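Structural characterization, general
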Amino acid sequence: MMTAVLAGASSLTGCASIVSGTNQVVSVETLHASGPVTGATCKLENDKGVYYVTTPGTVTVHRAYGDMNVKCEKLGFDPGLATIKSATKGMMAGNILVGGFIGAGVDAATGAGYDYPTTFQILMGQQTNVPAAAPQAAAPAAAAAASAPAAPAAPVAQGGMN
């Protein structure tokens, strides 16, 4: 009886939720044309929750299909705004083949099948849209920054599959 219950329960979990879970640790840095900005207060928000961090710092967020909206503020600077796209993990395709559509559905619903870049670089005084990183291990994706000649190099979203 116990074996049947465990087998049934395991068939309802997705591969990504077992392998990497529904949470992810991300680092947040704030930058300005004059250099790094420390001590900015940032609010990160997606459809799974709201998270706060002081830069530079790390915070645990809930993975989700939807964008992560970030707003960083510090006295003396215009706010830095960014929209960070999530990427579908490569294991979602494997999940459909091995775990079936139920496992893939669980990973999609819980957010476990998605990843954000591991580092968010927020440009103070600008609004940035960071595209989803390619679902390849160790493949950095350059972010498109708003056009300001005095701005530092475009933020880099570094991440990959877990």
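Structure shown above.
Thresholds applied
- Residues numbered from 1 in each chain as written.
- Predicted model: local features only at pLDDT ≥ 70, side-chain atom pairs only at ≥ 80, totals over all residues.
- Heavy atoms only, no water.
- Salt bridge = Lys/Arg side-chain N within 4 Å of Asp/Glu carboxyl O.
- Buried < 20%, exposed > 50% of the residue type's maximum accessible area, 1.4 Å probe, protein only.
- Helix = DSSP H or I, 4+ residues; strand = E, 2+ residues; numbered from the N terminus.
- Pairing = 2+ DSSP bridges.
- Core = buried A, V, L, I, M, F, W, Y, C linked by side-chain atoms within 4.5 Å.
- Contact = heavy atoms within 4.5 Å.

1. Side note on the pattern of salt bridges
For the coordinates displayed, the defined rule picks out four salt bridges. One salt bridge in this structure joins Glu45 and Lys43, with 3.9 Å as the shortest N-O distance. The partly exposed category is assigned to Glu45, whose relative accessible area is 35%. A salt bridge links Asp67 to Lys85; the nearest nitrogen and oxygen atoms lie 3.2 Å apart. Here Asp67, found in the loop between strand E5 (57-62) and strand E6 (68-73), pairs with Lys85, found in the loop between strand E7 (80-84) and strand E8 (87-88); they are 18 residues apart in sequence, far enough to count as distant. In this structure Asp67 comes out as partly exposed when scored by relative accessible area, which is 28%.

2. Regarding the pairing of strand E3 (residues 41-46)
Here E3 shows a buried face lined by Cys42, Leu44 and Asn46 and an unburied face lined by Thr41, Lys43 and Glu45. In terms of strand pairing, E3 meets strand E4 (residues 49-54) through six bridges, oriented antiparallel. Bridge pairing in E4 links Glu45 to Val50. Where E3 folds back on E4, the antiparallel hairpin that results is connected by two residues. Where E3 lies against E6, five bridges are found, and the strand directions are antiparallel. When the bridges of E6 are listed, Lys43 appears paired with Lys71.

3. Details of the nonpolar core
By size, the foremost hydrophobic cluster in this structure holds 21 residues, and its most contacted members are Leu44, Met68, Val70 and Phe120. At the level of elements, strand E1 (23-32), E3, E4, E5, E6, E7 and strand E10 (119-123) are the ones that each hand at least two residues to this core. Residue contributions to this core peak at three residues, all from E6. When residues no more than four places from it in sequence are discounted, the contact partners of Phe120 are Val26, Ser27, Val28, Glu29, Leu44, Met68, Val70 and Ile84.

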